[in-house]
Amino acid sequence: MVENLALLGGTRALNRIEELDSASRWPIFGDEEKKAVCEVLDSRDPYSYIGRFEDEFASYHNVKFALAHNNGTSALHSAYFAVGVEPGDEVITPAYTWHLQVAPILALHAIPVFCDIDPRTGCIDPRDIEHKISHRTKAIVVVHLYGAVAPMDEIISIAKDHDIAVIEDCSHAHGAKYKGRKVGTIGDIGCFSLQASKLMTGIEGGVMITNNEEYYERACILGHYERIPRLRMEKYRRYYQTDRDMAPSCFGFKYRIHPLAAAIASIQLKHLDEWNSIRRSNMTYITKALSIIGEELGYIFEPPYEAPGTERLWYGYVCQYHPDKTGVSKSRFIEALKAEGLPASDMRGFLPVYWNPIYEERSVWREGYPFDASYVSRKITYERGICPEAERIWLRTIRLPVIHRRVSIELLEEYVYAIEKVLRNISSLR
Ligand SMILES: Cc1ncc(COP(=O)(O)O)c(C=O)c1O
């Protein structure tokens, strides 16, 4: 197929621009969310919306406890604290992730140990976890990156062998499934961001879920002082007993979600399954078509991978384009897609986390701290090359729109055609 690319003066492949624009716009709040916000504002008990949302979120996941937070970062901080991460402990974390999934480890004066990823999914690679475990490893964090589902059986099995907790960061994958089970319910704790770009949102917000009462109560003493009087365990309840003359306290943070965020998220949760099923139908159609084209063209382009036994979702439709095979840079490929009418972009900010000076220079509060503190048992360093796949994947990732609404088949065909057209004519971009 030799066609003039739109970037080079040819006709644009995508005509249904408006349809794509409205179907890929996210988030969208409808009358239900607006009504819910007004209800909270008019309510004499705005905080009751938090408990209501938590009950719904716990019931959706069929778990005992859901603890809403002001954001996903604080939910992760609570989770690390809950499983007992102490100063000098090590937490195994994927190297390719959003930095705020890692930073709360440092906030506990613990040491992140970066693990490489599976290049097909971007999720943590269980084979590398084995290499990274030490006697100080307290937890493994798994991120279901961009909606791909990590190989939980392998990860849980390693964690069990070493008596290590597993925390699932499901910030990109609300409602995704692993062998029929919802993500966030397979490890010891699941954490979710509800920030505005996420698949369900309160604009800001987060949730920690677990079946483990000890973990739930520990999370409460870190950042939810108001719940302490109602905890079941005396060892934690003793920090704030309302029937005694004692000053309330908690362990240093206030992580309560805003009631307006909880009320919005309640409505979003109600629609999550329906929305996920529409996204699945659209993005599976596109993925199937692109897989065939990618294979035919020698894998110069790979749509998002869905591992067998998983039901993935899409936080951004993150594909991999191989400039080393085509001789055409990623930025030029993105320009060509945009010219065809398909909004494409780079995954800005998603880089190996240890490329930040905090890790490269190994200093947070002062030089060498906490990395060389007296309670740390071995020297962890973050030089280039420690996670080669994580250092390569970002060179290939491009973000395309997720189609969140029901659309015409013609739009799906045009979406595929825009990519196919650029790929088949890639040599004209050299
Ligand atoms: C994988 C991942 N974990 C955690 C977070 C932090 O969530 P929040 O922004 O709600 O604090 C994000 C935010 O985008 C994320 O992408």
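Predicted model, so just to flag it, every value in this text is computed and none were measured. (Residues numbered from 1 in each chain as written. Predicted model: local features only at pLDDT ≥ 70, side-chain atom pairs only at ≥ 80, totals over all residues. Heavy atoms only, no water.)

A closer look at the packing of aromatic side chains
A ring pair, where both rings are aromatic, is described by two values, the distance of the centres and the angle of the planes. Scanning the entire structure with this criterion turns up 23 aromatic pairs. Grouping aromatic residues by their ring pairs yields a cluster made of Phe 114, Tyr 354, Tyr 359, Phe 371 and Tyr 382. Positioned above the aromatic ring of Phe 81, the side-chain terminus of Arg 218 is 4.5 Å from the ring centre. When the ring centre of Tyr 369 is taken as reference, the NZ or CZ atom of Arg 366 above it lies at 4.8 Å. (Phe/Tyr/Trp six-rings, centres within 6.5 Å; stacked < 30°, edge-to-face > 60°. Lys NZ or Arg CZ within 6 Å of the ring centre and 35° of its normal.)

Details of the pattern of salt bridges
According to the stated counting rule, one finds 25 salt bridges in the structure shown. Put simply, Glu 306 and Arg 280 hold a salt bridge, and the shortest N to O gap is 3.0 Å. With Glu 306 in the loop between β10 (301-302) and β11 (310-311) and Arg 280 in helix α10 (residues 259-296), the pair connects residues that are 26 residues apart, well separated along the chain. What makes Glu 306 partly exposed here is its relative accessible area of 33%. For the salt bridge of Lys 338 with Glu 335, the shortest nitrogen-to-oxygen distance reads 3.7 Å. With a gap of three residues between them, Lys 338 and Glu 335 both fall in helix α12 (residues 330-339), about one helical turn apart. Looking at Glu 335, the relative accessible area reads 39%, which means it is partly exposed. Here the salt bridges do not stand alone but share partners, grouping Glu 54, Glu 226, Arg 227 and Arg 256 into one network. (Salt bridge = Lys/Arg side-chain N within 4 Å of Asp/Glu carboxyl O. Helix = DSSP H or I, 4+ residues; strand = E, 2+ residues; numbered from the N terminus. Buried < 20%, exposed > 50% of the residue type's maximum accessible area, 1.4 Å probe, protein only.)

A few points about the packing of helix α4 (residues 72-82) against helix α8 (residues 213-223)
Two elements in contact, α4 and α8, have axes separated by 8 Å at closest approach and are oriented at 120°. By the angle between their axes, α4 is oblique relative to α8. The element α4 and its partner α8 pack so that their crossing is right-handed. Contacts between α4 and α8 involve His 77, Ser 78, Phe 81 and Ala 82 on the former and, on the latter, Tyr 215, Arg 218, Ala 219, Ile 221 and Leu 222. A per-class count over the contact of α4 with α8 returns six nonpolar, two polar and one charged. (Axes fitted to C-alpha atoms, helices over the stretch in contact; angles between N-to-C directions. Parallel < 35°, antiparallel > 145°, perpendicular 65-115°, else oblique. Left-handed = near helix turned anticlockwise from the far one by under 90°. Contact = heavy atoms within 4.5 Å. Nonpolar A, V, L, I, M, F, W, Y, C, P; charged D, E, K, R; others polar.)

Some words on the pairing of strand β2 (residues 90-94)
Counted residue by residue, β2 has five buried out of five residues, so it is predominantly covered. Of the two faces of β2, the one carrying Glu 90, Ile 92 and Pro 94 and the one carrying Val 91 and Thr 93 are both buried. Here β2 pairs with strand β3 (residues 111-115) via five bridges, running parallel. Residue pairing in the sheet places Ile 92 in a bridge with Val 113 of β3. For the handedness criterion, the β-α-β arrangement of β2, helix α5 (residues 99-107) and β3 is classed as right-handed. (Pairing = 2+ DSSP bridges. Right-handed = clockwise from strand over helix to strand, strands pointing away.)

Points about the site of the ligand
Around the ligand sit 14 residues, and of these Thr 73, Asp 169, His 172, Ser 193 and Lys 198 come closest. Between His 172 and the ligand, the recorded distance is 2.7 Å, taken from a side-chain N or O atom to an oxygen atom. Here an oxygen atom of the ligand sits 2.7 Å away from a polar atom, N or O, in the side chain of Ser 193. Summarising the interface, the protein chains cover 93% of the accessible area of the ligand, which totals 380 Å² for the free molecule. At three residues, the largest contribution of residues to the shell around the ligand is made by α4. A per-class count over the shell around the ligand returns three nonpolar, nine polar and two charged. (Near = heavy atom within 4 Å. Polar contact = N/O pair within 3.5 Å; in protein donor to acceptor, adjacent residues only side chain to side chain. Areas by Shrake-Rupley, 256 points an atom, 1.4 Å probe, with all protein chains shown as cover.)

Let's talk about the sheet that holds β11
Taken in spatial order, the three strands make up an open sheet running β7-β6-β11, and their pairing is antiparallel. Among the strands making up the open sheet, the edge pair consists of β7 (181-182) and β11.

With respect to the nonpolar core
Proteins that are soluble and globular tend to have nonpolar side chains buried together. Counting residues in hydrophobic clusters, the biggest one holds 106 residues, and the most contacted among them are Phe 53 and Ile 167. When residues of this core are sorted by domain, at least three fall in each of domain 1 (6-27 + 272-348 + 392-429) and domain 2 (31-267). Leave out the neighbours within four places in its chain, and Phe 53 touches Ala 68, Leu 194, Met 200, Val 207, Ala 262, Ala 265, Ser 266 and Leu 269. Within the second largest apolar cluster, 37 residues are counted, among which are Tyr 321, Ala 344, Val 416 and Val 422. (Core = buried A, V, L, I, M, F, W, Y, C linked by side-chain atoms within 4.5 Å. Domains from an automatic or database assignment.)

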